[in-house]
Amino acid sequence: MATFMHLYSFLAILLFVLHPLQATTTNHHHHHHDKLKSLHFALFQHETINKTGYLIVKGVAGPPVSQTTTPFGTMFAFQDPLTLKPNYASKVVGTSQGTSITSGLDGLQSISIGKVTLDVKKHKGSISIVGVTHNTKPSNHPVVGGTGDFLFVQGYVTSSPVDLAGLTVTYKIEFHLYWPPYASLKP
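These numbers were taken from a predicted model, which means no experiment stands behind them.

Engineer: Where do I start with the confidence of the model for the protein in this structure?
Structural biologist: Caution applies to low-pLDDT regions: their predicted coordinates should not be interpreted in detail. Put simply, the protein has an average pLDDT of 84, and 80% of its residues get 70 or more. A low-confidence stretch, residues 1-33 stays under pLDDT 50, and its non-local contacts, those more than four residues away or across chains, total zero contacts.

Shown next as structure tokens:
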């Protein structure tokens, strides 16, 4: 009986303490009608094997190394130029650098981590991305951080193959960037 009374007393006190908290949190509704600042544009990444991209560790199973595949477990590092047009000789406005590890046994998918340094549309800084890249199909990568003018940026980057033939492969990189309202506050 004493245990039941102790439990009953504890529940009554807990209910009393939490009830005002619940009322406080449910009565405050915040409606933000502010439009988020956004930036949308596309650049082209050019990766040349043994010039801007290097195979660090060769994988253990799967297809051989080609322009579109690497064996499972392969580690690849890159520092590729980003241009305004698909032509390698067009104006360079940024750099994509990072690493990827082949995570698909078919050799077509990799877990990628990258830093994209940009100087475009009056914005200068870098964004960090992470995600799974498919070598022959479009892939979305979430933006996980930023520096400079891209501090607090959110969004995603879509990487799509444009030209997979030859020594240099080209990908179209579409940026979909959004700044939360607090990002515009100056200290």
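Engineer: What's the story with the packing of aromatic side chains in this structure? I'm lost.
Structural biologist: Given two aromatic rings, one states the distance between the centres and the angle between the planes to describe the pair. Going through the model one piece at a time under the given rule, you end up with three aromatic pairs. With centroids separated by 6.1 Å and ring planes inclined at 25°, the aromatic side chains of F150 and W179 adopt a geometry described as stacked. Taken together, the residues F150 in the loop between strand 7 (139-148) and strand 8 (154-163) and W179 in strand 9 (residues 168-179) connect sequence positions 29 residues apart. Of the two residues, F150 and W179, neither departs from the other in class, the shared state being buried. Relative to Y182, the ring of F152 has its centre 5.4 Å away and its plane inclined at 80°; by these criteria the two rings are edge-to-face. One end of the pair, F152, is in the loop between strand 7 and strand 8; the other, Y182, is in the segment after strand 9, with 30 residues separating them in the sequence. A relative accessible area of 45% places F152 in the partly exposed class. A relative accessible area of 46% places Y182 in the partly exposed class.

Engineer: Would you explain unusual backbone geometry in this entry?
Structural biologist: Most peptide bonds adopt trans geometry, and most residues besides glycine take a negative phi value. Although it is not a glycine, N50 sits at a positive phi angle of roughly 65°. Within the secondary structure, N50 sits in the loop between strand 1 (37-48) and strand 2 (53-57). Using a relative accessible area of 56% as the deciding quantity, one classes N50 as exposed. A positive phi angle is found at K121, which is not glycine, with a value near 45°. Along the chain, the position of K121 falls in the loop between strand 5 (109-120) and strand 6 (123-134). The class of K121 is exposed, set by a relative accessible area of 52%.

Engineer: What am I meant to see in the side chain of T70 here?
Structural biologist: Relative to the assigned elements, T70 resides in the loop between strand 2 and strand 3 (75-83). For T70, a relative accessible area of 14% translates into the label buried. Only 2.4 Å separates the side chain of T70 from the side chain of T102, close enough to count as a polar contact. Contact partners of T70, with chain neighbours within four places excluded, come to L55, P63, P64, V65, T102 and G107.

Engineer: I tried to follow the layout of surface pockets on my own but got confused; where do I start?
Structural biologist: Empty pockets left among the atoms are what a rolling probe the size of a water molecule brings to light. The volume enclosed by the largest pocket comes to roughly 620 Å³. In terms of lining, the largest pocket is formed by 37 residues, of which the most central are E47, F76, F78, S100 and Y171. Mapped by element, the contributors of at least two residues to the lining of the largest pocket are strand 1, strand 3, strand 4 (92-102), strand 5, strand 6, strand 8 and strand 9. A per-element tally of the lining of the largest pocket places strand 5 first, with five residues. Residue composition of the lining of the largest pocket, grouped by class: 17 nonpolar, 19 polar and one charged.

Engineer: How should I be thinking about the nonpolar core in this particular structure?
Structural biologist: Side chains that are nonpolar tend, in soluble globular proteins, to be buried together. Grouped together as the largest cluster of nonpolar side chains are 20 residues, with contacts concentrated most on F41, L43, L118, I127, F150, F175 and L177. When contributions to this core are tallied by element, the ones reaching two or more residues are strand 1, strand 5, strand 6 and strand 9. Sorting elements by how many residues they give to this core places strand 9 first, with six residues. Every residue in contact with I127, bar those within four places of it in the chain, is listed here: G114, K115, V116, V143, G145, G146, F150, V153, V157, F175 and L177.

Thresholds applied
- Residues numbered from 1 in each chain as written.
- Predicted model: local features only at pLDDT ≥ 70, side-chain atom pairs only at ≥ 80, totals over all residues.
- Heavy atoms only, no water.
- pLDDT = per-residue confidence, 0-100.
- Contact = heavy atoms within 4.5 Å.
- Phe/Tyr/Trp six-rings, centres within 6.5 Å; stacked < 30°, edge-to-face > 60°.
- Helix = DSSP H or I, 4+ residues; strand = E, 2+ residues; numbered from the N terminus.
- Buried < 20%, exposed > 50% of the residue type's maximum accessible area, 1.4 Å probe, protein only.
- Polar contact = N/O pair within 3.5 Å; in protein donor to acceptor, adjacent residues only side chain to side chain.
- 1 Å grid on protein atoms, 1.4 Å probe; cavity = no way out; pocket = protein on both sides within 12 Å on 5 of 7 lines; lining within 4 Å.
- Points joined across faces, edges and corners; volume = space filled by probe spheres on them.
- Nonpolar A, V, L, I, M, F, W, Y, C, P; charged D, E, K, R; others polar.
- Core = buried A, V, L, I, M, F, W, Y, C linked by side-chain atoms within 4.5 Å.

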